[in-house]
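# Structural characterization, general
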Amino acid sequence: MNKLIAFICILLFLGGCRAGQEITADPEPPQPRPPLIDRELFFDAPAYDQARISPDGNYVSFRKPLDGMMNIWVKGIDEPLEAARPMTSDTTRPVSGYFWSRDSRFILYVQDKGDGDLHILAVDHLEVPEAGNQSPPARDLTDIGEVRAQILAVPRDDPDYIIIGLNDRDPRLHDVYRLHLETGNREMLIENKENISGWYFDEAGNIRNAIRQTPDGGTEILAIDGDQLDRVYSVNAEESATIIRYHEDYERVYMVTNKGDADLSRLVLFNPGTGEEELVAVDPEEEVDFGGVVFSDATNEILATCFTGERQRIYPENAGFEHDLRTIRNKVGEGQITIGSQTAEEDIWIVNVSKDTDPGSAYVYDRNNEHLERLYQSRPNLDSDHLSVMQSIRYTARDGMEIPAYLTLPKGVPHENLPLIVHPHGGPWARDTWGYDPTAQFLANRGYAVLQPNFRGSTGYGKAFLNAGNKKWGTGAMQHDITDGVEYLIDQGIADAGRTGIYGGSYGGYAALAGLAFTPDLYAAGVSFTGPSNIITLLNSIPPCPDPVRKTFSVRVGDPDDPADRERLIEQSPLFSAEQMKAPLMIIQGANDRRVMKTESDQIVAALGDLGREVEYLVAPDEGHGFADRVNRLAYIAAMERFLSVHLGGRYQQSMDDEVWRRLGEIRETITAISLPDNGIDRHEAKTAPLPAVSGQRLRSGTLEYASRLESQGEELEMDVTRSLSRENYNGQPVWRLVEHARMPMGEIRDTIDVRRDNLLPVRRSTLQGPMTLDIHYSETGIDGNITQSGRITPLSADLDAPVFADGSGLHLTLSLLPLTETYATTFRIYDVISLEVKPMHLEVIGSETITVPAGSFETFKIEITPLDNDSGKQTVWIGSDASRNVIRVRAVLPGEMGGGSIVTELVQGNR
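What you see is a predicted model; the values in this text were computed from it and never measured.

## Structural notes on the overall build of the protein chain
Scanning the protein chain from terminus to terminus reveals 14 helices and 50 strands. Over its C-alpha atoms the protein chain spans a radius of gyration of 30 Å, differing by no more than 12% from the 29 Å that the globule rule assigns to 912 residues. With the principal axes as the frame, the protein chain shows a C-alpha extent of 95 × 65 × 60 Å. Taking the intrachain contacts of the protein chain between residues at least 6 apart in sequence as the baseline, contacts between residues at least 24 apart amount to 55%. For the protein chain, the computed accessible surface area is about 36900 Å², with 46% contributed by carbon and sulfur atoms. Taking the average location of the 87 positive side-chain charges in the protein chain and that of its 139 negative ones, the two points are 1 Å from each other.

Next comes the structure, spelled out in structure tokens:
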């Protein structure tokens, strides 16, 4: 697996010169303007891609559409391409990537069904499909519900097993398992109790080291010795280090690091036992970070290193490898070469060749006879003669920093006063590189100049350039670098100042919003694809992960809990400068996006709608962070193409097939229907009263079983309820976790509430009920979260003048710890998820009572809980007066908006 990853990263550029600082801009086109190329040739699935050769050399696999969806196909090494057979037949999501097992029997891949969960699947390519099926059965090896599975290692000498990571026990962390490919049986190797974010394995599959973040946002590499973890290397929050392979002496490791005074990352041999470090490779041109290395699995020697400057540079370290690359170069001509995969004997390679004006072809190369044969063209119907050259440029930002970038100019038109699209990359800790880019080529074909700036904060140019972007979003230098690139092209006479637009995804989408908000006179239009509009809500919605991960964002972006940072983050968030946005805006969002929640788009759309600004909104209910479905993708591209044409004057393909047309109508949102909930809080006198003091110290872990009966509108519904209490940690904070699991004939409800162990104040609540999910985060000063129903996300939030207690079963847990007596009374507050309001409540013990429930007879305190604003939601709770203080019975009056009626819950058995 390490070898495969290394080979994938290797690119060899042929016949290219180092791009100068001048822009090649011919005033007179040397040839006619290319025809309008169908958008599907750029953004539909390729005819073929991701070729792999089986380790035994007998089979070749690749991805190819099956009934319109990208699936995996296999053919014999000597069979024609047309003889390939489908190995998967997924109809809902494309197979995004895959690889062969070591023994060439199984094809393994990780699949996302659109809900954010990731499962590992295996296909036996020799198995015959059952009658009526197009492919052999794909077995889900991690069919355990909500999980994001990872493939961590593929042992070289143990082909029956792989090493995987599962986060089913704790969504923040992945435990390590040994997985048998044929049976699916799993054996836990390590339970991740130490906030480990990554594991390192040698070629035999042995866990040797781990990596985790430190509380200050740095990184430490740990040696694993049984249950003991010893730190052997560490870097601070502005440095990086990672192990990429183990030396054949099994004492030293190959590591990429930029620790210390040196700016660029380098490849070193590091001895964890002695701390000694030996330099192996650093960029000979002293320009960029270390890029990649190719190892031979047979000899463990380094074959080549690579670095990506303006283009990628390869430095062969082995004579045989250098000869093979020269042989391939002589046969394929100009282009970039990627060694994609090879056999176990390293005698047959899959070679991919592409360049900026060619999406590429795959070849099979036999090293023994130096024979190279083309397997396929990835997009055979896309005419490279009509595509545009991508050139490397550099310009100087306002503070003197040099910014590397790529510029693609439309072919066949004078390169003067062109409409311009600036296309910032996502991440932002990433970078653009030279090569075929479908978006750049599509926009250039429509007549736009396309600028792709590697603004400060981008990776690959050294840690000083990366760290120069820390906390510089929006109104800071990262956005200034983008602005300065646009103004540079205007000053050069290439871009028309009145026809500039900005389009990006993820961070690039944020940059598009920031461009319109903070430089409103620069852009005539903007398109944001899954771009955050409020950095504070973005940071607060970071998915469950080890707490130090938040520290990384605090260092590089900011800490919303720090008053100074919070003020700056508000200033840098386009949402709070919406009134400055004048240019037309298109926003595109996946409803199931877990990285940039739909709230981010909803709130800016609602704000602009209230201001009467021109905004279009597309929401795909079955997509996450990026559109995987071809119809969704083609629909938004068609909408964006027309939007840019209207506002910037580029060419526009009016035709689209009926399926895309229908989908575009389905995902287009009505702006007037987008609204945020009213966050006003009832000003009752109890709103800021101190909460009654409670302590969680005497709680004990355990499980209670209940039976519930709901009566509403003449109907009765019975359900079984389990309440489990356990000690956990959430984002580094000790919590009691109460999980209530209700089972009924039509489905299940799972409600998880985390409360602080010291005072039982709520930290987080997560509820799953059929197509509805609820996720709330609490602090003493505010509440924010989301309700998701059938793919539609409704944000909820409230400012608090004082803390609240948990609602639901979390409230019952809190009440059991109050100093109850027969005359006890108090007031408190909850955040009611039905009304989306903070409700002041009155509690009164109305007496003692002996009650009988399925678990037996109990002496109890009888408590009435009444909302102070009305009787809606009134509860009567019987809490045991013995030392256990278990909740014995609850009778709740259902609000009218829930149909009225009541629900009675009684204890069946328990051990807490």
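## Concerning the pairing of strand S43 (residues 782–789)
When you tally the buried positions in S43, you get six out of eight residues, the bulk of the element. By the bridge criterion, seven bridges tie strand S42 (residues 772–778) to S43 in an arrangement that is antiparallel. When the bridges of S43 are listed, Met-772 appears paired with Gln-789. Turn length for the S42-S43 hairpin, with the two strands adjacent in sequence and antiparallel, is three residues.

## Description of the packing of aromatic side chains
Taken as a whole, this structure holds 24 aromatic pairs when the rule is applied. Taking the centre distance of 5.5 Å and the plane angle of 85 degrees together, the rings of Phe-627 and Tyr-636 count as edge-to-face. We note that Phe-627, like Tyr-636, is buried. The interplanar angle of 40 degrees and the centroid separation of 5.8 Å between the aromatic rings of Phe-805 and Phe-828 together place this pair among those described as tilted. Residue Phe-805 is located in the loop between strand S44 (792–799) and helix H14 (809–815), and its partner Phe-828 is located in strand S45 (residues 825–832); the two are separated by 23 residues in the primary sequence. Exposure class is identical for Phe-805 and Phe-828. Each is buried. Taken together, the aromatic side chains of Phe-455, Trp-473, Tyr-507 and Tyr-510 make up a single cluster linked through ring pairs. The residue whose ring lies beneath Arg-52 is Tyr-98, and the NZ or CZ to ring-centre distance is 5.4 Å. Sitting above the plane of the Tyr-233 ring, Lys-259 keeps its charged end 4.8 Å from the centroid.

## Looking at the confidence of the model for the protein chain
For the protein chain, mean pLDDT is 87; residues scoring 70 or higher make up 91% of the total. Counting contacts from residues 1–21, a segment whose pLDDT is below 50, to residues more than four positions away or on other chains yields 77 contacts.

## A few points about the sheet that holds strand S22 (residues 292–295)
Taken in spatial order, the three strands of this open sheet run S22-S23-S24, and their pairing is antiparallel. Every other strand in the sheet has two partners, leaving S22 and strand S24 (312–316) as the edge strands with one partner each. Strand-to-strand twist across the sheet, computed as the mean angle between neighbouring axes with direction ignored, equals 20 degrees. The pairing of S22 with strand S23 (residues 302–308) spans four bridges and is antiparallel. The partner of Val-293 across the bridge, within S23, is Thr-305.

## Quick word on the packing of helix H6 (residues 477–491) against helix H7 (residues 507–518)
Contact pair H6 / H7: the axes reach a minimum separation of 11 Å and the direction vectors enclose 75 degrees. By the criterion of interaxial angle, the relationship of H6 to H7 is roughly perpendicular. Contacts from Met-478, Gln-479 and Ile-482 of H6 reach H7 at Tyr-507, Ala-511, Ala-514 and Gly-515. Residues belonging to the contact of H6 with H7 are distributed by class as follows: five nonpolar, two polar and no charged.

## Quick word on the environment of Ala-591
By secondary structure assignment, the location of Ala-591 is in the loop between strand S35 (585–590) and helix H11 (598–611). The buried category is assigned to Ala-591, whose relative accessible area is 1%. As for Ala-591 and Ala-444, which are separated by 147 residues in sequence, their C-alpha atoms are 30 Å apart. Dropping the residues within four chain positions of it, Ala-591 is found in contact with Lys-598, Val-619, Ala-620, Pro-621, Glu-623, Gly-791 and Ile-793.

## Some remarks on the packing of helix H12 (residues 630–648) against helix H13 (residues 658–667)
Look at H12 against H13: their axes get within 8 Å of each other, and the N-to-C directions meet at 75 degrees. As the angle between them shows, H12 and H13 are arranged roughly perpendicular. Between H12 and H13, the contacting residues are Arg-630, Val-631, Asn-632, Leu-634, Ala-635 and Ala-639 on the first element and Glu-659, Val-660, Arg-663, Leu-664 and Ile-667 on the second. Each residue belonging to the contact of H12 with H13 can be placed in one class, and the counts come to seven nonpolar, one polar and three charged.

## Considerations on the sheet that holds strand S2 (residues 49–53)
Across the sheet, which stays open at both edges, the four strands sit in the order S2-S3-S4-S5 with antiparallel pairing between neighbours. Two strands in the sheet have a free side with no partner beyond their single neighbour: S2 and strand S5 (85–86). Where S2 meets strand S3 (residues 59–66), three bridges bridge the pair, whose relative direction is antiparallel. Following the sheet pairing, Asp-49 is matched in S3 by Arg-63.

## Remarks on the side chain of Asn-209
Assignment of secondary structure puts Asn-209 in strand S15 (residues 207–213). Overall, Asn-209 belongs to the buried group, its relative accessible area being 5%. Within the structure, the side chain of Asn-209 is placed 2.7 Å from the side chain of Tyr-246, a separation counted as a polar contact.

## Side note on the side chain of Asp-481
Structurally, the position occupied by Asp-481 is in helix H6. We classify Asp-481 as buried; its relative accessible area is 0%.

## Side note on helix H10 (residues 563–572)
Along H10, the positions that sit buried rather than exposed are Asp-565, Arg-568, Leu-569 and Gln-572. Taken down its axis, H10 places every buried residue within 100 degrees of arc, on the same side. For H10, the exposed residues set more than 90 degrees away from the buried face come down to Pro-563 and Glu-567. By the N-cap criterion, in which a side-chain oxygen at the helix start approaches the backbone nitrogen of a residue two or three places on, H10 is capped by Asp-562, the distance to Ala-564 being 3.0 Å.

Thresholds applied
- Residues numbered from 1 in each chain as written.
- Predicted model: local features only at pLDDT ≥ 70, side-chain atom pairs only at ≥ 80, totals over all residues.
- Heavy atoms only, no water.
- Helix = DSSP H or I, 4+ residues; strand = E, 2+ residues; numbered from the N terminus.
- Rg over C-alpha atoms; globule rule 2.2 N^0.38 Å.
- Contact = heavy atoms within 4.5 Å.
- Areas by Shrake-Rupley, 256 points an atom, 1.4 Å probe, with all protein chains shown as cover.
- Lys, Arg positive; Asp, Glu negative; His and termini not counted.
- Charge placed at Lys NZ, Arg CZ, Asp CG, Glu CD.
- Buried < 20%, exposed > 50% of the residue type's maximum accessible area, 1.4 Å probe, protein only.
- Pairing = 2+ DSSP bridges.
- Phe/Tyr/Trp six-rings, centres within 6.5 Å; stacked < 30°, edge-to-face > 60°.
- Lys NZ or Arg CZ within 6 Å of the ring centre and 35° of its normal.
- pLDDT = per-residue confidence, 0-100.
- Axes fitted to C-alpha atoms, helices over the stretch in contact; angles between N-to-C directions.
- Parallel < 35°, antiparallel > 145°, perpendicular 65-115°, else oblique.
- Nonpolar A, V, L, I, M, F, W, Y, C, P; charged D, E, K, R; others polar.
- Polar contact = N/O pair within 3.5 Å; in protein donor to acceptor, adjacent residues only side chain to side chain.
- Arc of directions from axis to C-beta.

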